[in-house]
Amino acid sequence: MTGSRYEYVKNFELPDPILPGTFMVLRIDGRAFHRLSSEHGFVKPNDERALELMDHAARDVMNEFKDIVLAFGESDEYSFLFRKSTSLYNRRHSKILTTVTSLFTSSYVYNWSRYLPNIALKYPPTFDGRIVVYPSPKEVRDYFAWRQADTHINNLYNAVFWALVQQGGETTANAHSILRGTVSSQKHEILHSRFGINYNSISARFRKGSVFVRERVQPVSVVPLEGYSGQNKAYKDVSDRATSEGILLPQKGKKVKLRFTVLLYHCDIIGDVFWDQRPNILQE
Ligand code: DGT
Ligand code: MG
Ligand code: MG
Ligand code: MG
Ligand code: MG
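Note that the structure is a prediction, hence the values are computed from the model and not measured.

Criteria and cut-off values
- Residues numbered from 1 in each chain as written.
- Chains lettered and ligands numbered in written order.
- Predicted model: local features only at pLDDT ≥ 70, side-chain atom pairs only at ≥ 80, totals over all residues.
- Helix = DSSP H or I, 4+ residues; strand = E, 2+ residues; numbered from the N terminus.
- Buried ≥ 20, exposed ≤ 12 C-beta atoms within 10 Å, placed from the backbone.
- Contact = placed C-beta atoms within 7 Å.
- UniProt positions renumbered as here; feature names shortened; annotations may be inferred.
- Axes fitted to C-alpha atoms, helices over the stretch in contact; angles between N-to-C directions.
- Parallel < 35°, antiparallel > 145°, perpendicular 65-115°, else oblique.
- Left-handed = near helix turned anticlockwise from the far one by under 90°.
- Nonpolar A, V, L, I, M, F, W, Y, C, P; charged D, E, K, R; others polar.
- Expected span 1.5 Å × (residues − 1).
- Near = placed C-beta within 6 Å.
- Pairing = 2+ DSSP bridges.
- Domains from an automatic or database assignment.

**A look at the overall build of the chain**
Within the chain one finds ten helices and six strands. Within the chain, the proportion of its 284 residues that are buried is 25%. At a minimum sequence separation of 6, the contacts of the chain that also span at least 24 residues come to 71%.

Below, the structure is given as structure tokens:
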């Protein structure tokens, strides 16, 4: 059967494949979130509720697209790494980019009231998206190191800046000029000597950003997780996380079927430890 005489217009749709055998990183970023955060009264410098909402949207994306092996989020952005051999949508660039960006955005709006129950959304938020392809694990690691280093630099600056303004009573102009030209150690020093704040005691979510990985759920004999002391706390943590995923954990003594689930960390991804513990992320 031949199509209509109009059908030739379809020939104008050009293929937009992503190079095979490369690592795809898709990054979304809130459009004009400077305005969105101020119009909705986000806490400065970090609004935990707003960051948790970002994390929720990222988790929804990972649950939907199983070829995403790692996600990293900070501020109004999230980066998603696809496994090298993914054939999602035949690696069609715009199909992947628009679908993921759209899912993230709709989840952000859909779940807004769960995280910010007393703040009415005044207008529909938008996210932009881009895909960058990288040829080898080195660039992928450097990409994620770049984003986490950015998190650190911005958060340290913002922590001191807002301490000077909110606790120190400085004007924003003064705070900027106090910080101009200071190096990292001087910022730590101002925080400590003037405000008694140890930078490392600030929430890891703010200092390190959010990291999602796929991991096996180990329901009974749980290996203590990094940053958690004691078996019970670790077990509770994994249980809570798994429960939030809708996964029923087997009881002690029952035969255990290992499952993969998406877990959230606020850990270092610049050093080797994270990657050495998870060789599957960069495999294939
Ligand atoms: P863009 O991305 O070019 O459309 O413009 P913006 O305004 O989204 O700028 P961007 O992405 O460079 O910076 C993110 C903005 O979002 C920045 O002004 C701070 C704000 N923001 C992100 N997270 C928080 C938060 O937790 N609390 C507050 N108060 N602001 C936040
Ligand atoms: Mg920007
Ligand atoms: Mg933005
Ligand atoms: Mg941003
Ligand atoms: Mg259709």
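**Describing the UniProt feature "binding site: Mg(2+) 1" (unreviewed entry) in the chain**
Listed under "binding site: Mg(2+) 1" (unreviewed entry) in the UniProt record, and renumbered for this structure, are Asp 29, Gly 30 and Asp 76. Considering the C-alpha atoms alone, the annotated residues occupy 48 residues of sequence yet fold into one spot, their largest mutual distance being 5.6 Å. Examined against the element boundaries, Asp 29 turns out to sit in strand 1 (residues 23-30). Ignoring sequence-local partners within four residues, the contact set of Asp 29 consists of Asp 76, Glu 77, Phe 127 and Asp 128. Here Gly 30 is to be found in strand 1.

**Side note on the packing of helix 5 (residues 137-167) against helix 7 (residues 184-195)**
Packing of helix 5 against helix 7 brings their axes to within 10 Å, and their N-to-C directions diverge by 30°. When the axis of helix 5 is compared with that of helix 7, the two are roughly parallel. Pair helix 5 / helix 7 crosses with left-handed handedness. Two secondary-structure elements touch here, helix 5 through Leu 156, Tyr 157, Ala 159, Val 160, Ala 163 and Gln 167 and helix 7 through Ser 184, Lys 187, Ile 190, Leu 191 and Phe 195. Looking at the contact of helix 5 with helix 7, its residues break down into eight nonpolar, two polar and one charged.

**Quick look at helix 7**
With twelve residues, helix 7 ought to run about 16 Å at 1.5 Å a step, and its terminal C-alpha atoms sit 16 Å apart, in line with that. Of the residues trailing helix 7, Gly 196 is marked for its positive phi of about 65°.

**Some words on the site of ligand 1**
Neighbouring ligand 1 are 16 residues; Phe 33, His 34, Ser 37, Phe 42 and Asp 47 lie closest to it. Elements supplying a minimum of two residues to the shell around ligand 1: strand 1, helix 1 (33-39) and helix 2 (48-64). Considering each element in turn, the shell around ligand 1 owes the most residues, three residues, to helix 1. Tallied by class, the residues present in the shell around ligand 1 amount to six nonpolar, five polar and five charged.

**Quick notes on the pairing of strand 5 (residues 210-217)**
Pairing of strand 2 (residues 68-74) with strand 5 involves four bridges; the strand directions are antiparallel. The residue of strand 5 that forms the bridge with Ala 71 is Phe 212. Across seven bridges, the pairing between strand 5 and strand 6 (residues 259-265) is antiparallel. Paired with Val 217 across the strands is Arg 259, a residue of strand 6.

**What about the domain arrangement of the chain?**
Taken domain by domain, the chain consists of domain 1 (15-140), domain 2 (145-202) and domain 3 (218-268). Measuring from the centre of the C-alpha atoms in domain 1 to the corresponding centre in domain 2 gives 27 Å. Each side of the interface is counted separately: domain 1 has five residues, and domain 2 has six residues. The class makeup of the residues in the side of domain 1 that touches domain 2 is two nonpolar, one polar and two charged.

**Observations regarding the sheet that holds strand 2**
One open sheet holds the six strands; their spatial order is 4-1-3-2-5-6, and the pairing between them is antiparallel. For this open sheet the edge positions go to strand 4 (127-134) and strand 6, each flanked by a neighbour on one side alone. Across this sheet, the average inter-strand angle for adjacent strands is 20°, counted without regard to direction. Across five bridges, strand 1 lies against strand 3 (residues 77-82) in antiparallel orientation.

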